[in-house]
Amino acid sequence: MKILVAISNVPDTTTKIQFTEGDSKFNSQGVTFVINPYDEWYALVRALELKEANVAEKVTLIHVGLPDSEATIRKGLSLGADDAVRVNAEGPDAFFVAEQIANYAKTNNYEMILVGKETINYNGSSVGAIVAGLMDLPFISLATKLDLTGNKTTAEYDLDGGVQIVECDLPVVISCAKGMAEPRIPNMRGIMAARTKPLAVIEGNGAASLTTVKSYALNPGRTTCKMLTEDNMDELVNLLHTEAKVI
Amino acid sequence: MSVLVYTEVAKGRVKKSSLECVNYAANIAKQMGTSVTAVVNNAEAAHIDELGKAGANKVLTVKNDKLNSDSLLITALVEQAAKAEGSKVVIFAFDITGKAAAPRLSAKLKAGLVAGAIDIPVINGNTFEVKKNVFSGKANATYVIHSDIKIISLLPNSFPVQLSGGSATVSDLTADLPSSRITVKETRLNSSGGMTPLAEAELVVSAGRGLKGPENWKIVEDLASSLGATTACSRPVADMHWRPHHEHVGQTGIAIRPNLYIAIGISGAIQHLAGVNGSKTIVVINNDKEAPFFKSADYGIVGDAFSILPKLTEAIKKFKAHQN
Ligand SMILES: Cc1cc2nc3c(=O)[nH]c(=O)nc-3n(C[C@H](O)[C@H](O)[C@H](O)COP(=O)(O)OP(=O)(O)OC[C@H]3O[C@@H](n4cnc5c(N)ncnc54)[C@H](O)[C@@H]3O)c2cc1C
Ligand SMILES: Nc1ncnc2c1ncn2[C@@H]1O[C@H](COP(=O)(O)O)[C@@H](O)[C@H]1O
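Here is a short report on the structure shown in this document.

Calculation rules
- Residues numbered from 1 in each chain as written.
- Chains lettered and ligands numbered in written order.
- Predicted model: local features only at pLDDT ≥ 70, side-chain atom pairs only at ≥ 80, totals over all residues.
- Heavy atoms only, no water.
- Near = heavy atom within 4 Å.
- Polar contact = N/O pair within 3.5 Å; in protein donor to acceptor, adjacent residues only side chain to side chain.
- Areas by Shrake-Rupley, 256 points an atom, 1.4 Å probe, with all protein chains shown as cover.
- Helix = DSSP H or I, 4+ residues; strand = E, 2+ residues; numbered from the N terminus.
- Nonpolar A, V, L, I, M, F, W, Y, C, P; charged D, E, K, R; others polar.
- Contact = heavy atoms within 4.5 Å.
- Buried area = accessible area lost by both parts, 1.4 Å probe.
- Salt bridge = Lys/Arg side-chain N within 4 Å of Asp/Glu carboxyl O.
- Patch = residues over 30% accessible without salt bridge, like charges linked within 9 Å, V, L, I, M, F, W, Y side chains within 5 Å.
- Axes fitted to C-alpha atoms, helices over the stretch in contact; angles between N-to-C directions.
- Parallel < 35°, antiparallel > 145°, perpendicular 65-115°, else oblique.
- Left-handed = near helix turned anticlockwise from the far one by under 90°.
- Phe/Tyr/Trp six-rings, centres within 6.5 Å; stacked < 30°, edge-to-face > 60°.
- Pairing = 2+ DSSP bridges.
- Buried < 20%, exposed > 50% of the residue type's maximum accessible area, 1.4 Å probe, protein only.

**Quick look at the site of ligand 2**
Residues and elements named next belong to chain A.
Point 1. Close contacts around ligand 2 come from 18 residues, with Ala 6, Asp 39, Thr 119, Ser 125 and Ser 126 the closest.
Point 2. The separation between an oxygen atom of ligand 2 and a polar side-chain atom of Asn 36 is 3.2 Å.
Point 3. One of the backbone nitrogen or oxygen atoms of Ser 126 is found 2.7 Å away from an oxygen atom of ligand 2.
Point 4. When isolated, ligand 2 has an accessible area of 490 Å², and the protein chains bury 94% of it.
Point 5. Broken down by secondary-structure element, the contributors of at least two residues to the shell around ligand 2 are β6 (58-64), α3 (94-108) and β8 (112-116).

**Re the site of ligand 1**
Point 1. Neighbouring ligand 1 are 28 residues, the closest being B:Ser234, B:Ser267, B:Gln271, B:His272 and B:Asn286.
Point 2. At the site occupied by ligand 1, nearby residues are drawn from chains A and B.
Point 3. In this structure, an oxygen atom belonging to ligand 1 sits 2.7 Å away from a side-chain N or O atom of B:Asn286.
Point 4. With respect to ligand 1, the backbone of B:Ala305 contributes an N or O atom lying 2.9 Å from a nitrogen atom.
Point 5. When isolated, ligand 1 has an accessible area of 990 Å², and the protein chains bury 81% of it.
Point 6. Elements that contribute at least two residues to the shell around ligand 1 include exactly α6 (235-239), α7 (270-276) and α8 (305-323) of chain B.
Point 7. Counted by class, the shell around ligand 1 contains 7 nonpolar, 16 polar and 5 charged residues.

**Things to note about the interface of chain B and chain A**
Point 1. Tallying the contact residues gives 86 residues for chain B and 79 residues for chain A.
Point 2. Both faces combined, the contact of chain B with chain A buries some 7,200 Å², and carbon together with sulfur accounts for 55% of it.
Point 3. When the area that chain B buries against chain A is broken down by residue, the three leading residues are B:Phe135, B:Arg181 and B:Tyr299, summing to 11%.
Point 4. One can count 9 salt bridges joining chain B with chain A.
Point 5. The partner of B:Arg188 in a salt bridge is A:Glu156, with the nearest N and O atoms 3.7 Å apart.

**Points about a nonpolar patch on the surface**
Point 1. Residues A:Met188, A:Ile191 and A:Met192 make up a contiguous nonpolar surface patch of roughly 300 Å² in combined accessible area.
Point 2. Mapped onto the elements, A:Met192 comes out in helix α5 (residues 188-194).

**A word on the packing of helix α1 (residues 37-52) of chain A against helix α2 (residues 70-79) of chain A**
Residues and elements named next belong to chain A.
Point 1. Their axes nearest at 10 Å, the elements α1 and α2 cross at an angle of 40°. As summarised for this structure, α1 and α2 are arranged oblique, according to the angle between their axes. Crossing geometry of α1 relative to α2 is assigned as right-handed. Residues Glu 40, Leu 44 and Leu 48 of α1 touch α2, and the partners they reach there are Lys 75, Gly 76 and Leu 79.
Point 2. Here the contact of α1 with α2 is built from residues that sort into 3 nonpolar, 1 polar and 2 charged.

**Notes on the packing of aromatic side chains**
Each pair of aromatic rings is reported with the distance of its centres and the angle of its planes.
Point 1. A full pass over the atoms with the stated rule returns 12 aromatic pairs over all chains.
Point 2. Each ring, one from A:Trp41 and one from A:Tyr42, has its centre 6.1 Å from the other, and the planes form 85°; the classification is edge-to-face.
Point 3. With centroids separated by 6.0 Å and ring planes inclined at 65°, the aromatic side chains of B:Trp217 and B:Trp242 adopt a geometry described as edge-to-face. Note that B:Trp217 is positioned in the loop between β14 (203-207) and α5 (218-227) and B:Trp242 in the loop between α6 and β16 (260-264), a separation of 25 residues in sequence.

**Remarks on the sheet that holds strand β1 (residues 2-6) of chain A**
Point 1. Ordered by their spatial adjacency, 10 strands build an open sheet running β13(A)-β7(A)-β6(A)-β1(A)-β8(A)-β12(A)-β9(A)-β10(A)-β11(A)-β13(B), and the pairing between neighbours is mixed. Strand pairing shows two members of the sheet lacking a second neighbour, β13 (199-203) of chain A together with β13 (182-189) of chain B, which therefore form its edges. For this sheet, the mean inter-axis angle between neighbouring strands, taken without regard to orientation, is 30°.

**Structural notes on the side chain of A:Ser125**
Point 1. Positionally, A:Ser125 belongs in the loop between β8 and α4 (127-135).
Point 2. Judged by relative accessible area, A:Ser125 falls into the buried class, the value being 11%.
Point 3. For A:Ser125, the side chain forms a polar contact with the main-chain oxygen of A:Lys117, separated by 2.9 Å.
Point 4. If we skip the residues at most four places from it in the chain, A:Ser125 touches A:Lys117, A:Glu118, B:Phe94, B:Lys99 and B:Pro103.

**Here we look at unusual backbone geometry**
Point 1. Across the junction of A:Leu170 and A:Pro171, the peptide omega takes the value -5°, indicating a cis bond.
Point 2. Inspection of the secondary structure assignment puts A:Pro171 in the loop between β11 (162-169) and β12 (172-176).
Point 3. A positive phi is found at B:Phe135, a non-glycine position, where the angle reads about 50°.
Point 4. Note that B:Phe135 resides in the loop between β9 (127-134) and β10 (139-145).
Point 5. One non-glycine residue with positive phi stands out, namely B:Ser136, at about 50°.
Point 6. Tracing the backbone through its elements, the reader meets B:Ser136 in the loop between β9 and β10.

Take it as geometry only, folks, not as evidence of what the structure does.
Written out as structure tokens, the structure is:
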């Protein structure tokens, strides 16, 4: 039983977002990149726990991106993944990324493919379900708990106003959200070991891009904050009613 | 050629996010000179009425209790409906269903998808330009969809729903659905006390570590109930189990965009803001005048939440009493 964990390389959550080339590209100058938090904290850590519990044998990382994301992949290996593959291509959209992941997974027999809930840069929540669609596999979306016994996986996810527990036979694609595992920090041994773990590089297949980004714009921040005092709550209520028109 | 929309009925009514999608589809259909077809599961006459008022010209109904628990089935259903209607544009809500079904349909139809659209598309011949939020709400991007068939999932609460006097024709949709590969073992509903689910709520009262402990949430709940608002919390509050984790908003929790977000004893960390800065109006209550959240607020009160909240709750009750 092998698990494939898809990791994305994203700007650190505190990054000041800027664009370049006429607002058509993200300006990565001086930006620190990290593993997408959902991919690292939930998908990868849970995969490692399943391996430690001897229900999974191997955890492989897959990343679709250019050589500059190698540090991110090594970080994933230092946390305990066995090996990694990088598809050397930069995708214009989720479909492209998903197609690369599906192509690799199809020929390498992974029984479980884990992705994060969403990337914190494109916020698409799309790649996992597209992989499942391309491979004709069942998809469990936004799981907050994940278990495995034999050939069956059990997962839990939030509904609007509740939770649902489901069961599904392998192989399966699952997107992972908060609750599934606790974040870990790599130890020295892990960091040393990561340097020599296998990282294969394969070429992308140049799938058609169905969407492209034309331009970016920063969302306008709030310019002024009206300050009130606590003895003036009637005034606040009045402003919310007459000025903001929200109550 | 009609614009196809997947809609849902929950708790006895058409979901607000579904009505928003029908409105949105009606706008696109008008630009394209075509009509709107809505697909709905387990609907009654009143729901079909409502879909008509929101802008659907035709409603295709199905009855299938397995549909909602497996996106495989929804995808197959919508795929067949799109084929029957000759639809080139398919709309979902960017919610639990839309996040699983829209991308899967995109894989099936090799159709470009914009997930989480915030605006009406600009149509240029055979391409659509659609805006969506990126970088967790800090920016937006204009995507161009190049494919022949286009799929858009709409971010909930991005549009006010406008109902008209319209009505829709109804027919049954006979679809050949695959068997479900996912078995539901258990469904547990939260004891939300009848509050609107966070993702749909227009009014949200949220509190953070500044409240000091779970025993102090009564004043937060009182404020929320005076407004008819849904309660939320910051991440450490959920992590410490002061509040259930489904109340956690922000980058790693739920992203919301209500009309009003009241943040109490929350510092305004960038990861928290990522999930709430799409709110129309933000009120911040914090005893530290340097709290970063004030930079992202419309109204601010510097002071102790424990003395402010009861006063604010009183003021709201007074206002509500006057209104009636
Ligand atoms: C990758 C990543 C993802 C994250 N995702 C999220 C997320 O999704 N959501 C989230 O919320 N956080 C998230 N965080 C954590 C975030 O960085 C902050 O640590 C967190 O939001 C702080 O929560 P808080 O504001 O409740 O607590 P604090 O930062 O401790 O702030 C408490 C505030 O209460 C005020 N206060 C204290 N006493 C009173 C009083 N009596 N009256 C009024 N005000 C008072 C204080 O002045 C302070 O501003 C994430 C962090 C990382 C690294
Ligand atoms: N370039 C990438 N390489 C590998 N996995 C990715 C990549 N982009 C996205 N993913 C995976 O897909 C998930 C959802 O991404 P998205 O659809 O962009 O929100 C992420 O959490 C990752 O697990």
